Structures are given as C-alpha cells and as structure tokens.
Amino acid sequence: MSTATFTVAGMTCAHCVSSVTEEVSEIAGVGGVEVDLDSGALTVTSSAPIDPAAVAAAVTEAGYDLVTP
Ligand code: 9UX
C-alpha cells in the first residue's frame, strides 16, 4: 500500500472535488482518493507507488491543474 499527496489548483466547489476524485479514482491500482477543497490537497492511496504523471493527466482531464513542487 502506497500513499502520495499532491496539490490541485483551481477547485472552487464540491463538484470540482467530485470531478477530480472520479478521474483520479480511474487510474489503475488506485484504491482511495481524498480531496480537500480548501487546501487543494489530494491524497491518493494505491496498491503500488503511483506515477505522478498519471495523476497530473487525470487532474488535467478533470479540468484542473496539479501544482508541481
Ligand atoms: Mo462549479 Mo466547480 O462550475 O468548478 S464545478 S465551481
């Protein structure tokens, strides 16, 4: 089990949160997704370490941006 935290920019409502959660949940191996609207924190739990590029692509697909540190 692996957990990774990211930051998403641009979410302003609960539906934004749903969209991001839905897209990231579709990544292979992902078992849990938590999104905090206020901070933009995105926590992804997966069976194997997640590829950050896959997370970035999913967040882009949802219509938002992953903040790259
Ligand atoms: Mo409503 Mo969240 O348009 O972008 S889904 S603010």
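This text goes with the structure placed above it.
Treat the numbers as computed from the prediction; the structure is a model and nothing was measured.

Caption draft 1: Geometry of the overall build of the protein. Helices and strands together make up the secondary structure of the protein, namely two helices and four strands. Along the protein, helices (α) and strands (β) appear in the sequence β-α-β-β-α-β when read from the amino end. On C-alpha atoms alone, the protein measures out to a radius of gyration of 11 Å, which is about the 11 Å that the 2.2 N^0.38 rule sets for 69 residues. Taking the principal axes of its C-alpha atoms as reference, the protein extends roughly 30 × 25 × 20 Å. Relative to all contacts within the protein whose residues are 6 or more apart in sequence, the contacts with residues 24 or more apart total 59%. In the form shown here, the protein has an accessible surface area of approximately 3900 Å², with 52% of it arising from carbon and sulfur atoms.

Caption draft 2: A look at the site of the ligand. Around the ligand, the surrounding shell consists of Thr 12, Cys 13, His 15, Cys 16 and Tyr 64. Tyr 64 has a polar side-chain atom sitting 3.3 Å from an oxygen atom of the ligand. In terms of residue class, the shell around the ligand is made up of three nonpolar, two polar and no charged.

Caption draft 3: Summary view of the nonpolar core. Core analysis: the largest hydrophobic core is formed by 21 residues, its most contacted members being Val 20, Val 24, Leu 42 and Val 59. Of all the secondary-structure elements, those providing two or more residues to this core are strand 1 (2-9), helix 1 (14-25), strand 2 (30-35), strand 3 (41-46) and helix 2 (52-62). Dropping the residues within four chain positions of it, Val 24 is found in contact with Val 30, Val 33, Leu 42, Val 44, Ala 58 and Val 59.

Caption draft 4: Structural view of the pairing of strand 3. Judged by which residues are buried, strand 3 turns out to be one-sided: Leu 42, Val 44 and Ser 46 face inward and are buried, whereas Ala 41, Thr 43 and Thr 45, on the alternate face, are not. Bridge count between strand 1 and strand 3: six bridges; the pairing is antiparallel. When the sheet's bridge partners are listed, Phe 6 is paired in strand 3 with Leu 42. Bridge count for strand 2 against strand 3 is five bridges, and the pairing is antiparallel. The partner of Val 30 across the bridge, within strand 3, is Ser 46. In textbook terms, the turn of a hairpin is the stretch between consecutive antiparallel strands, and for strand 2 and strand 3 this stretch comprises five residues, one of which, Gly 40, has a positive phi near 80°.

Caption draft 5: Molecular detail of the sheet that holds strand 2. Taking strand neighbours across the sheet as the criterion, the four strands line up as 2-3-1-4 in an open arrangement whose pairing is antiparallel. Two strands close off the open sheet at either side, each with one partner strand: strand 2 and strand 4 (65-67). On average, each strand axis in the sheet is tilted by 35° relative to the strand beside it, whichever way the strands run. Here helix 1 sits on the sheet in contact with strand 1, strand 2 and strand 3, set at roughly 160° to strand 2. Contacts between helix 2 and the sheet are confined to strand 1, strand 3 and strand 4, with strand 4 contributing the most and set at about 140° to the helix.

Rules of the game
- Residues numbered from 1 in each chain as written.
- Predicted model: local features only at pLDDT ≥ 70, side-chain atom pairs only at ≥ 80, totals over all residues.
- Heavy atoms only, no water.
- Helix = DSSP H or I, 4+ residues; strand = E, 2+ residues; numbered from the N terminus.
- Rg over C-alpha atoms; globule rule 2.2 N^0.38 Å.
- Contact = heavy atoms within 4.5 Å.
- Areas by Shrake-Rupley, 256 points an atom, 1.4 Å probe, with all protein chains shown as cover.
- Near = heavy atom within 4 Å.
- Polar contact = N/O pair within 3.5 Å; in protein donor to acceptor, adjacent residues only side chain to side chain.
- Nonpolar A, V, L, I, M, F, W, Y, C, P; charged D, E, K, R; others polar.
- Core = buried A, V, L, I, M, F, W, Y, C linked by side-chain atoms within 4.5 Å.
- Buried < 20%, exposed > 50% of the residue type's maximum accessible area, 1.4 Å probe, protein only.
- Pairing = 2+ DSSP bridges.
- Axes fitted to C-alpha atoms, helices over the stretch in contact; angles between N-to-C directions.

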